[in-house]
Protein chains: 2
Amino acid sequence: MKTLLVICDGIGDRPIKEFRGKTPLEEAKTPNLDKLAERGINGLMNSIIFPVRPGSDVSHLSIFGYNINEYYSGRGPFEALGIGLDLKKGDVALRANLGTVENGTIKDRRAGRIESKLFEKELQGIKIEGIEFIVKAGTGHRVAIVMRGKKLSPNISDSDPHETEKNVLKVKALDESEEAEFTARILNQFLEKTHKILEKHSENKKRKLKANYLLTRGAGEFLEIPSMQEKYGLKSVCVAGAGLYKGISKAIGMKIVDVKEATGKLDTNIDAKFDSAIKALKENDFVFVHIKGTDLCGENGDAKAKKEFIEKIDKAAEVLTGLKNTLIVVTADHSTPCELKAHSGDPVPIVFCGPGVRTDSVKEFGERSCAKGGLHRIIGMQIMPEIMNLSGKAELLGA
Amino acid sequence: MKTLLVICDGIGDRPIKEFRGKTPLEEAKTPNLDKLAERGINGLMNSIIFPVRPGSDVSHLSIFGYNINEYYSGRGPFEALGIGLDLKKGDVALRANLGTVENGTIKDRRAGRIESKLFEKELQGIKIEGIEFIVKAGTGHRVAIVMRGKKLSPNISDSDPHETEKNVLKVKALDESEEAEFTARILNQFLEKTHKILEKHSENKKRKLKANYLLTRGAGEFLEIPSMQEKYGLKSVCVAGAGLYKGISKAIGMKIVDVKEATGKLDTNIDAKFDSAIKALKENDFVFVHIKGTDLCGENGDAKAKKEFIEKIDKAAEVLTGLKNTLIVVTADHSTPCELKAHSGDPVPIVFCGPGVRTDSVKEFGERSCAKGGLHRIIGMQIMPEIMNLSGKAELLGA
């Protein structure tokens, strides 16, 4: 049996006043998701444990069955992988924004949403005390920085204070190790050096908001992670628009299928993603589809847009209701309630639909309907074992 | 958002024959608690893990999110704090009864429910091998003893055999450490010394049941515990009648609000407690109200009294149903079934009611109704994280 896992990022929400206390998912017309719920077994899921408030990175690792205490030290490496960098064991990778800094104070964290691509070339080739710095532009103002060399530690603080009108921060070691002290010290040197380079950059001459500072965050070490093939024997594929999800998938050895119209935004073409996914199912055991729009609407606090985007997902999901001999799992990584404009620890609905599944009496895919499902409440680390169980691939414990 | 946590000690019960199989909570008329259940999200809660049979001390620590393996070594320190003693790191504190002992045999574990206050003064100032003994009277026959000095261990047995007509026990070390041997040895010396002092005490001359022996139990070391402010950033207040709950609250840095008519017994004034709590909410983030009566009825095996006391709680709870912008959590520390006259491992109902909460279809606050709620089954250590989550104060894990 093949498995299709669909993660609707941040789909879970809280009661919305304009929806008479319903959530966007409950308010949306979702005949196809409801069909999956009716034919499947449903429950509530927290990617870590109820009610931890998780980031997208740790949520996805947990959903794929990877212990974050073992395989996670920061988001940087996954972002770097996601925009196409290749990492080596021991690399420390960071995310950064190209921002505007005047006299040490941040004027714009995104330098007017500049394209970092324009500055990429001039930031290459810097080496400090034996450590090589690799810089690659992401989408818009985003940048990934890889530090390569010996004795590096990811245990360092951000230079990004995450607010404008605040001072740029000195990077500090977060433990007392030599490695952390060293990494912080030379990263500070790198940031000063690139600051000078950027100040003089020709692109900045014509700009009011100069893209003159790398605001770093999310340092993480690239750790060797067993692949989905090694861990589960599953030939696996990722269909995603946004970089992080491609990066995580790459880290666990999934093949990345690029879908041109998968933007990771509200204008994404979900039909095209599901089509690619269904094609990929023919040659693979496990296909992961990531849909980002629901999370973006939650972070914008726009319940109406979230409801409409969910209806867009549902329309595209019609094709899933006809799939044969496939275990379909639909869930989210976490809730992103519109009232919070941020992730929350509230659980998300989950459905397993496919041959052999014990059904329940749930007829609607929603936060409160799925709470009454036969699965009750599970955590992310239980999803892959249940997939293995339902697809007849689980190993026997004991005898 | 502010939080009001109401613990109805031991409210959970088992089916009662005279109530046609209902529990006291199910049999009681509780329109106000039911209103909270209807407006909130409900579930079952075990303070430790289902179905551990927990004491009140470990239950409360767990509910406040403190790992008992790290912060609990015995009840003594919390009782001592609760009656107003100040403790220092390394102190070993014990609970004791003033009892009647004749020729080494216990005649009355409470010396006819004597007032220990009458004997407090004569028991002060004893020092043995560098260890200072501080004695303070609690309510009635109860006493707290603090041992202060170097190399003490809480790992010692009770002198109280917990039954009359049994012999007073020699205190023994419960491990093979020097510290435990030393602590047991000098505590035995202290108990002999105070026995002699009490024998000759003028108060005992006129009494048939002489208050002549300190029956010790619950030795515990005073451990430094991070405060609620440090742990959660919450300015916190406790409204309780009984000493233990004040002691635990004091240990975790809560401010104690004394309510004159809060007796920790059935005659307590719950209206006055809720009034104080609501006043305290204005200046604080988190208010904990403890109500003891339900537990007392359970320990007396009196289902009718328990039902009536629950109705008394409900009447007072009317004021809670009108609170705005407040997360109200009502639960218990454990069940105290009347048939057992003791704590049990049966879970207790819990409701979270406030802005943003995903409601469920539960309409009554009770053991079996809440079992069908949207929260399903949680443990004590999940309560504070959920409070932080619902009030938008939870930290993000990952990114």
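In this text the structure is predicted, and so the values were computed from the model without any measurement. (Residues numbered from 1 in each chain as written. Chains lettered and ligands numbered in written order. Predicted model: local features only at pLDDT ≥ 70, side-chain atom pairs only at ≥ 80, totals over all residues. Heavy atoms only, no water.)

Draft legend 1. Highlighting the overall build of chain A. Within chain A, the regular secondary structure consists of 14 helices and 15 strands. Against the compact-globule benchmark of 21 Å for 399 residues, chain A has a radius of gyration of 22 Å, which places it among compact chains. Look at the contacts in chain A between residues 6 or more apart in sequence, and 72% of them connect residues 24 or more apart. Total accessible area on chain A stands at roughly 16900 Å², and carbon and sulfur atoms take up 48% of it. Averaging the positions of the 62 positive and the 56 negative side-chain charges in chain A gives two centres separated by 3 Å. (Helix = DSSP H or I, 4+ residues; strand = E, 2+ residues; numbered from the N terminus. Rg over C-alpha atoms; globule rule 2.2 N^0.38 Å. Contact = heavy atoms within 4.5 Å. Areas by Shrake-Rupley, 256 points an atom, 1.4 Å probe, with all protein chains shown as cover. Lys, Arg positive; Asp, Glu negative; His and termini not counted. Charge placed at Lys NZ, Arg CZ, Asp CG, Glu CD.)

Draft legend 2. Fine view of the nonpolar core. Residue and element names in this part refer to chain A. Membership of the largest hydrophobic core comes to 93 residues, with the highest contact counts inside it found for Phe64, Phe286 and Phe352. Ranked by the residues each element gives to this core, the list is headed by helix α10 (residues 270-283), at seven residues. Dropping the residues within four chain positions of it, Phe64 is found in contact with Leu5, Met228, Lys231, Tyr232, Ile248, Ile252, Met254, Phe286, Phe288 and Met384. (Core = buried A, V, L, I, M, F, W, Y, C linked by side-chain atoms within 4.5 Å. Buried < 20%, exposed > 50% of the residue type's maximum accessible area, 1.4 Å probe, protein only.)

Draft legend 3. Spotlight on the pattern of salt bridges. Under the counting rule described, the total for this entry stands at 45 salt bridges over all chains. Put simply, Glu308 of chain A and Lys304 of chain A hold a salt bridge, and the shortest N to O gap is 3.2 Å. Of the two residues, Glu308 of chain A and Lys304 of chain A both sit in helix α12 (residues 303-316), four residues apart, roughly one turn of that helix. Under the relative-accessibility criterion, Glu308 of chain A is labelled partly exposed at 40%. As a salt-bridge pair, Glu163 of chain B and Lys166 of chain B come within 3.8 Å of each other at their nearest N and O atoms. By relative accessible area, which is 42% here, Glu163 of chain B ends up partly exposed. Residue classification places Lys166 of chain B among the partly exposed positions, given a relative accessible area of 40%. (Salt bridge = Lys/Arg side-chain N within 4 Å of Asp/Glu carboxyl O.)

Draft legend 4. Here's a closer look at the side chain of His201 of chain B. One can find His201 of chain B in the loop between α6 (178-199) and α7 (202-205). With relative accessibility at 6%, the residue His201 of chain B sits in the buried group.

Draft legend 5. Structural context of the sheet that holds strand β2 (residues 41-46) of chain A. Residue and element names in this part refer to chain A. Strand order in the open sheet formed by eight strands is β11-β10-β12-β1-β13-β14-β2-β15, with mixed pairing between adjacent strands. Of all strands in the sheet, those bounded by a partner on one side alone are β11 (255-256) and β15 (376-379). Across six bridges, strand β1 (residues 2-8) lies against strand β12 (residues 286-291) in parallel orientation. Counterpart to Thr3 in the pairing with β12 is Phe286. (Pairing = 2+ DSSP bridges.)

Draft legend 6. Region of the structure containing the packing of aromatic side chains. Residue and element names in this part refer to chain A. Applying the stated criterion to the full structure yields ten aromatic pairs over all chains. Centroid distance Phe64 to Phe286: 6.4 Å. Interplanar angle 75°. Geometry classified as edge-to-face. On the criterion of sequence distance, the pair formed by Phe64 in the loop between α3 (56-63) and α4 (68-71) and Phe286 in strand β12 is long-range, its members being 222 residues apart. A residue is classified by how much of its surface remains accessible, and Phe286, at 0% relative accessible area, is buried. (Phe/Tyr/Trp six-rings, centres within 6.5 Å; stacked < 30°, edge-to-face > 60°.)

Draft legend 7. Structural view of the interface of chain A and chain B. Counting residues at the interface gives 34 residues for chain A and 21 residues for chain B. When chain A packs against chain B, close to 2100 Å² is buried across both sides, 52% of that on carbon and sulfur atoms. Three residues stand out in chain A for area buried against chain B, namely Phe50, Pro51 and Arg53 of chain A, and they jointly supply 31% of the buried area on that side. There are zero salt bridges connecting chain A and chain B. The tally of links between chain A and chain B comes to 19 residue pairs in polar contact (both at pLDDT 80 or more). Looking at the side of chain A that touches chain B, the elements that each hand over two or more residues are β3 (53-54), α3, α13 (367-370) and β15 of chain A. Among the elements that make up the side of chain A that touches chain B, the one with the highest residue count is α3 of chain A (three residues). Both β3 of chain A and strand β15 (residues 396-397) of chain B contribute to a ladder of two bridges, which runs parallel. By the bridge assignment for β15 of chain B, Pro54 of chain A is matched with Leu397 of chain B. (Buried area = accessible area lost by both parts, 1.4 Å probe. Polar contact = N/O pair within 3.5 Å; in protein donor to acceptor, adjacent residues only side chain to side chain.)

Draft legend 8. Molecular detail of the state of the cysteines. For the structure shown, the criterion picks out zero disulfides over all chains. Left unpaired, Cys8 of chain A is separated from the closest cysteine sulfur, that of Cys370 of chain A, by 12 Å. Free cysteine Cys338 of chain B: the closest other cysteine sulfur is in Cys297 of chain B, separated by 7.3 Å. (Disulfide = S-S within 2.5 Å.)

Draft legend 9. Layout of the relation of the copies chain A and chain B. Placing chain A over chain B gives an RMSD of 0.1 Å and needs a rotation angle of 120°, together with 0.2 Å of translation along the axis. Taken together, the turn and the small shift mark the pair as related by a three-fold rotation axis. When C-alpha positions in chain A are compared against the rotation axis, the closest is assigned to His376 of chain A, at 4.3 Å. An asymmetric contact is evident, with only 3% of the interface residues of chain A recurring at the interface of chain B. (Least-squares fit on C-alpha atoms with pLDDT ≥ 70 in both.)

Draft legend 10. Focus on the side chain of Thr183 of chain B. Residues and elements named next belong to chain B. Within the secondary structure, Thr183 is located in helix α6. Residue classification places Thr183 among the buried positions, given a relative accessible area of 0%. Leave out the neighbours within four places in its chain, and Thr183 touches Met147, Lys151, Leu152, Ser153 and Ile156.

Draft legend 11. Fine view of the sheet that holds strand β10 (residues 255-256) of chain B. All names here are of chain B. The mixed open sheet is built from eight strands, whose spatial order is β10-β9-β11-β1-β12-β13-β2-β14. Looking at strand neighbours, the two that pair on one side only are β10 and β14 (376-379), the edges of this open sheet. Where helix α14 (residues 383-390) meets the sheet, its contacts fall on β1 (2-8), β2 (41-46), β11 (286-291), β12 (326-331), β13 (348-353) and β14, and the angle it forms with β13 comes to roughly 15°. (Axes fitted to C-alpha atoms, helices over the stretch in contact; angles between N-to-C directions.)

Draft legend 12. Representation of the packing of helix α11 (residues 293-300) of chain B against helix α12 (residues 303-316) of chain B within the structure. All names here are of chain B. Relative orientation of the contacting elements α11 and α12 amounts to 175°, with a least axis distance of 9 Å. Judged by the inter-axis angle, α11 sits roughly antiparallel to α12. Of the residues in α12, those touching α11 at Gly293, Thr294, Cys297 and Gly298 are Ala305, Lys306, Phe309, Ile310 and Ile313. Among the residues making up the contact of α11 with α12, the classes are represented as five nonpolar, three polar and one charged. (Parallel < 35°, antiparallel > 145°, perpendicular 65-115°, else oblique. Nonpolar A, V, L, I, M, F, W, Y, C, P; charged D, E, K, R; others polar.)

Draft legend 13. Looking closely at helix α2 (residues 31-39) of chain A. Where α2 of chain A is concerned, the buried positions are Asn32, Leu33, Asp34, Leu36 and Ala37 of chain A. Where the residues of α2 of chain A are buried, they touch β2, α12, β13 (326-331) and β14 (348-353) of chain A.

Draft legend 14. Focus on helix α9 (residues 243-251) of chain A. Residues and elements named next belong to chain A. Buried residues dominate α9, accounting for seven of its nine residues. Along α9, the residues classified as buried are Leu244, Tyr245, Lys246, Gly247, Ile248, Ser249 and Ala251. Residues of α9 that are buried sit in contact with α3, α5 (76-82), β10 (236-239), β11 and β12.

Distances and angles like these do not, on their own, reveal function.
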